[in-house]
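A closer look at the structure
As a plain string of letters, each chain reads:
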Amino acid sequence: MLVVKIGGAAGVNLEAVCADIAALTQQGQQVVLVHGGSDETNRLSERLGHPPRFVTSPSGFTSRYTDRATLEIFAMVTAGKINTLLVEALQAKRVNALGLSGIDGRLIEAKRKEAIRAVENGKVRVLHDDHTGTIQAVNARLLHLLLDAGYVPVVAPLALSPEGVALNVDADRAAAMVAGALHADSLILLTNVPGLLRHFPDEDTLIPRLERAGLEASLSFAEGRMKKKVLGASEALERGVQRVILADGRVSEPVQRALAGQGTVIA
Ligand code: ADP
């Protein structure tokens, strides 16, 4: 069982990812694909006259401030366009992909962040009416149902609160929780760098291997968005995933290369 996550950032070779998934599923491997979409959400938000607003928490995490309008744009882009086009690309390769978001069948449940603390101009402010969540549970039964019926689930990073409110969740963390719930052998996080770099952006400083114990320390040289991947890796390993691979999605055969150990392997 394999969970692959592709980022929203430009550069990931989608054709090659789909070709790999086709090859792997033909060999009988069960695969779940999770995707992001934040970059495209930013662009559409601008065009719709509702520019994105990013906030940084006191502990240094940057996230999108998601009011209801932003959540709806996020859903249009991720569950709408990106998810549909990925399913199309996989179906063109005769992979029986099935698109859903974390809202469908209550696939992903998340706790809504009541208020987010943001540092602005050196001061901590509290923002309300945010529609982001921290994932609490993944409906593994639903995924097994689909996988056992031969489908490749393609998952958009939305979730439901216990009250039934749609929330935006981080795609890396969603992939990690999905992998954990399925006890996947491998979680592959594909992005537009070769893996975790000790001195970003110097690609010659790739860290090939990390022990779980070394994850904490690696947070210090991973900036904002890379931090979430490291955090996701740690969550996945805690839940029994055997290894997490942060790997280059720009190359040919990106999934197969990652499985062969290229990138940063965390076990
Ligand atoms: P995706 O959209 O693929 O999930 P992100 O943009 O969220 O990707 O995260 C990957 C980015 O993290 C890289 O493109 C890079 O700009 C940034 N980054 C920050 N620190 C590091 C690091 N130490 N090693 C690798 N990438 C890093």
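Residues numbered from 1 in each chain as written. Predicted model: local features only at pLDDT ≥ 70, side-chain atom pairs only at ≥ 80, totals over all residues. Heavy atoms only, no water.

When helices and strands are tallied, the chain shows 8 helices and 16 strands. In terms of its C-alpha atoms, the chain occupies a principal-axis envelope of roughly 55 × 40 × 35 Å. Scored against the burial criterion, the 267 residues of the chain give a buried share of 50%. Long-range pairs, those at least 24 residues apart, make up 73% of the contacts in the chain with a sequence separation of at least 6. For the chain, the exposed surface amounts to about 12,000 Å²; the carbon and sulfur share of it is 50%. (Helix = DSSP H or I, 4+ residues; strand = E, 2+ residues; numbered from the N terminus. Buried < 20%, exposed > 50% of the residue type's maximum accessible area, 1.4 Å probe, protein only. Contact = heavy atoms within 4.5 Å. Areas by Shrake-Rupley, 256 points an atom, 1.4 Å probe, with all protein chains shown as cover.)

Counting buried residues along strand β10 (residues 152-156), 5 of its 5 residues qualify, which places the element largely inside the surrounding structure. Along β10, one buried face is formed by Val-152, Val-154 and Ala-156 and the opposite face, lined by Pro-153 and Val-155, is buried too. Taken together, the 5 bridges between strand β5 (residues 97-101) and β10 define a ladder with parallel strand orientation. Counted as the bridge partner of Gly-99 is Val-154 from β10. (Pairing = 2+ DSSP bridges.)

With that settled, the discussion passes to the sheet that holds strand β16 (residues 264-266). In space, the 8 strands of this open sheet follow the order β5-β10-β2-β1-β13-β15-β16-β14, with mixed pairing throughout. Looking along the sheet, the strands with just one partner apiece sit at the ends: β5 and β14 (209-210). Sheet analysis places strand β1 (residues 2-6) next to strand β13 (residues 186-191), joined by 5 bridges and oriented parallel. The residue bridging Ile-6 from the neighbouring strand is Leu-190, located in β13. Of the strands in this sheet, β1, β2 (31-35), β10 and β13 are in contact with helix α1 (residues 14-26), which crosses β2 at around 160°. (Axes fitted to C-alpha atoms, helices over the stretch in contact; angles between N-to-C directions.)

To continue, consider the site of the ligand. The immediate surroundings of the ligand are formed by 19 residues, with Lys-5, Thr-191, Asn-192, Leu-197 and Lys-229 found nearest. At 2.8 Å from an oxygen atom of the ligand is found a side-chain nitrogen or oxygen belonging to Thr-191. One of the side-chain N or O atoms of Lys-229 is found 2.5 Å from an oxygen atom in the ligand. Coverage of the ligand by the protein chains reaches 89% of its 570 Å² of free accessible surface. (Near = heavy atom within 4 Å. Polar contact = N/O pair within 3.5 Å; in protein donor to acceptor, adjacent residues only side chain to side chain.)

This next bit is on the pairing of strand β15 (residues 243-248). Burial analysis of β15 places 5 of its 6 residues in the buried class, which makes it a mostly covered element. One ladder, built from 6 bridges, connects β13 with β15; its direction is parallel. In the sheet register, Leu-189 faces β15, and the bridge partner there is Leu-246.

So, on to the nonpolar core. The biggest cluster of nonpolar side chains holds 46 residues, and the ones touching the most others in it are Val-3, Leu-182 and Leu-187. Secondary structure elements with two or more residues in this core: β2, β6 (108-112), β9 (133-138), α4 (140-148), α5 (171-182), β13, α7 (224-238) and β15. Looking at this core element by element, the count peaks at 7 residues for α5. The contacts of Val-3, once residues within four sequence positions are left out, are Val-32, Val-34, Ala-175, Val-178, Ala-179, Leu-182, Ala-184, Ser-186, Leu-187 and Ile-188. (Core = buried A, V, L, I, M, F, W, Y, C linked by side-chain atoms within 4.5 Å.)

Attention now goes to the pattern of salt bridges. The final tally for this structure, using the stated rule, is 14 salt bridges. Close ionic contact of Glu-120 with Arg-53 constitutes a salt bridge, the shortest N to O distance being 3.4 Å. Here Glu-120 is found in strand β7 (residues 116-120), whereas its partner Arg-53 is found in the loop between α2 (38-47) and β3 (54-56), with 67 residues between them in sequence. Using a relative accessible area of 32% as the deciding quantity, one classes Arg-53 as partly exposed. Glu-120 is the salt-bridge partner of Arg-125, the closest N and O atoms lying 2.9 Å from each other. In this structure Arg-125 comes out as partly exposed when scored by relative accessible area, which is 39%. (Salt bridge = Lys/Arg side-chain N within 4 Å of Asp/Glu carboxyl O.)

Another point: unusual backbone geometry. Cis geometry is found at the peptide bond from Phe-200 to Pro-201, where omega equals 5°. Following the sequence through the fold, Pro-201 ends up in the loop between β13 and β14. The backbone phi angle of Asp-129 is positive, close to 60°, even though this residue is not glycine. In this fold, Asp-129 is placed in the loop between β8 (123-127) and β9. For Asp-129, a relative accessible area of 42% puts it in the partly exposed group. Its identity as a non-glycine residue notwithstanding, His-183 has a phi of 50°, on the positive side. When you line up the elements, His-183 lands in the loop between α5 and β13.

Let us look at helix α3 (residues 68-92). The terminal C-alpha atoms of α3, which comprises 25 residues, lie 34 Å apart, in line with the 36 Å expected from a rise of 1.5 Å per residue. By the largest-angle criterion, Asn-83 marks the main kink of α3, which is about 30°. All of the buried residues in α3 are Thr-70, Leu-71, Ile-73, Phe-74, Val-77, Thr-78, Ile-82, Asn-83, Leu-86, Val-87, Ala-89 and Leu-90. Once α3 ends, the next one or two residues include Arg-94, with phi positive near 65°. (Expected span 1.5 Å × (residues − 1). Bend = angle between axes of the 7 residues up to and from the residue.)

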